Amino acid sequence: MDNAAVEQELLAEYSQVHMNVFGTPARVLDHGEGAVVYDVEGKAYLDFLGGIAVNAVGYAHPKWVKAVAEQAAKVAHVSNYFATQPQITLAAKLIDLAGAPSGSRVYFGNSGTEGNEAALKLAKLHGRVLEQNQSVQGAGRPARIIAMTHGFHGRTLGALSATWKPAIREPFEPLVPNIEFVEAGNIQALQEAFEQAGDSDDAKGPVAAVIMEMIQGEAGVLPIGADFVAAARALCNQYRALLIFDEVQCGVGRTGVWFSYQRQDLSGGVLPDAITFAKGMAGGFPMGGLITFGSEVSSLFTPGSHGSTFAGNPLAAAAALATLGIIEEEHLVEHAEERGERLRNAIANCGNPLFTGTRGRGLLNAVLLAHPCAHAVAAWCLDHGLIVNAVAPDALRLAPPLVVSEQQIDECVSILTQVPQDLPND
């Protein structure tokens, strides 16, 4: 049986044994190295999606493979009745990289959704404190959580309740109550949401927390605006609410800093009360979590108030420590900033009129299209050896591994330059 027949047979079997939640896979991938991945036919693809910003250090990095193999040979999992050294070392490392103050703490989960579930539960606990404080506007009424239009925080029922996209949210309603949406970037609308708390008959409870992404990745790589973030920080201070940043897609060096809020041009330089993380954290091994800033917020969770069987297991922690170590040793945070600028400039000057612009930071970018043909463009690119994805009808997302080379940046743009202008609309 030739390789093409093998792939078709595997895809047919996939459709028979997997839930149809992802649609039909485009290819069956087999192995990779660096920023290149190969399918079962042996065809090479330049991966500018990186497992959706997950494969931070690329495929099969020798140091990552070594760390995972060595930890697997020691112990892969223990229950959370016990601690392991990788788990402890990693938590301390993350607090340091986040620039979090004394008293900050880490909760480990297995995905971005789980990190955001933990953050929402944290917000609920803080909301209970506000509800019982008679000096707080709206005390005695259910506290609220404010999320952003076009934001994405996950697909479990809690995280989905704070996720904007109606097509994926509405089939599961009613969801978690007292989570409201404010127009992303609209300072006046956010202020009005806070001001709705009060004692009148039509007033609402206090705002317990605001959750947002610095760059709304799933909405088309849209920066939310530094002025808006700074205004949110001021309102949260004024009304005693928590400010939570979702760093799932933007974190771990992706935007040219360790966490995107550390960019003045994205956050205005403010600090959050908590951040969530996942995707690139363990370089392809499932890991997510939450960092709380300072002792007051960190004390909201108490024994038994949250947990997960696999959370912070030593194999995941070893994978994460290896990933962070490689990023540091190979200067991949700075690399992301430099390569991202090269990528955006090259696309801007490639001469293909289909591309009207770019947006993003570091190595999280969108290519804007003259007409809504993103799925057709992504399919054409795949056939020509480049993996990108349609993040919006008129935008492609590019999130390659942080190890991507200048030559591979140029190769990507060379392929994009050849994309036909007359591809059909989505």
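Look above for the structure.
These numbers were taken from a predicted model, which means no experiment stands behind them.

Thresholds, definitions, all that
Residues numbered from 1 in each chain as written. Predicted model: local features only at pLDDT ≥ 70, side-chain atom pairs only at ≥ 80, totals over all residues. Heavy atoms only, no water. Helix = DSSP H or I, 4+ residues; strand = E, 2+ residues; numbered from the N terminus. Rg over C-alpha atoms; globule rule 2.2 N^0.38 Å. Buried < 20%, exposed > 50% of the residue type's maximum accessible area, 1.4 Å probe, protein only. Contact = heavy atoms within 4.5 Å. Areas by Shrake-Rupley, 256 points an atom, 1.4 Å probe, with all protein chains shown as cover. Lys, Arg positive; Asp, Glu negative; His and termini not counted. Charge placed at Lys NZ, Arg CZ, Asp CG, Glu CD. Pairing = 2+ DSSP bridges. Salt bridge = Lys/Arg side-chain N within 4 Å of Asp/Glu carboxyl O. Phe/Tyr/Trp six-rings, centres within 6.5 Å; stacked < 30°, edge-to-face > 60°. Lys NZ or Arg CZ within 6 Å of the ring centre and 35° of its normal.

Enquirer: What exactly am I supposed to notice about the overall build of the protein chain here?
Expert: When you go through the protein chain residue by residue, the secondary structure sums to 15 helices and 17 strands. A compact globule built from 426 residues would reach a C-alpha radius of gyration of about 22 Å, and the protein chain, at 22 Å, matches this within 12%. The principal-axis extents of the C-alpha atoms in the protein chain amount to approximately 70 × 55 × 45 Å. Split into buried and exposed, the 426 residues of the protein chain put 54% on the buried side. Partitioning the contacts of the protein chain with sequence separation of at least 6, the portion at a separation of at least 24 is 71%. Accessible surface computed for the protein chain: about 18400 Å², of which carbon and sulfur atoms make up 53%. Positive and negative charge centroids in the protein chain, built from 27 and 45 side chains respectively, lie 5 Å apart.

Enquirer: Would you take a moment to explain the environment of Ser79 for this structure?
Expert: Locating Ser79 in the fold gives a position in the loop between helix H3 (62–74) and helix H4 (85–97). Along the sequence, Ser79 and Glu195 sit 116 residues apart, while their C-alpha atoms lie 45 Å from each other.

Enquirer: Can you help me understand the sheet that holds strand S3 (residues 44–47) in this one?
Expert: The strands that make up a sheet pair up through hydrogen bonds in the backbone, lying either parallel or antiparallel. Ordered by their spatial adjacency, four strands build an open sheet running S1-S2-S3-S15, and the pairing between neighbours is mixed. Both outer strands of the open sheet, strand S1 (29–33) and strand S15 (386–387), are each paired with one neighbouring strand and no more. As defined by bridge partners, S1 adjoins strand S2 (residues 36–39) across four bridges and the pair is classed as antiparallel. Bridged to Glu33 within S2 is Val36.

Enquirer: Would you take a moment to explain the pattern of salt bridges for this structure?
Expert: Side-chain pairs of opposite charge can arise where the charged atoms are in close proximity. Per the stated rule, a full pass over the model turns up 16 salt bridges. Among the ionic pairs, Arg128 bridges to Glu131, the shortest N-O distance being 3.1 Å. Here Arg128 pairs with Glu131, and both are found in helix H5 (residues 112–131), just three residues apart, close to one helical turn. Relative accessible area serves as the criterion here: at 44%, Arg128 is assigned to the partly exposed category.

Enquirer: Explain the packing of aromatic side chains here, please?
Expert: According to the stated counting rule, one finds six aromatic pairs in the structure shown. Between Phe259 and Tyr261, the aromatic rings sit 6.2 Å apart at their centres with planes inclined by 10 degrees, giving stacked as the arrangement. With relative accessibility at 1%, the residue Phe259 sits in the buried group. Considering the side-chain rings of Tyr261 and Phe293, the 6.2 Å spacing of their centres and the 75 degrees angle between planes classify their relative orientation as edge-to-face. With Tyr261 in the loop between strand S10 (242–246) and helix H10 (264–267) and Phe293 in the loop between strand S12 (288–292) and helix H11 (295–298), this pair connects stretches of sequence that are 32 residues apart. Note on Tyr261: relative accessible area 3%, which makes it buried. Here a set of aromatic residues connected by ring pairs shows up, and it is made of Phe245, Phe259, Tyr261 and Phe293. Positioned above the aromatic ring of Trp164, the side-chain terminus of Arg169 is 5.6 Å from the ring centre.

The analysis is restricted to geometry; functional conclusions fall outside its scope.
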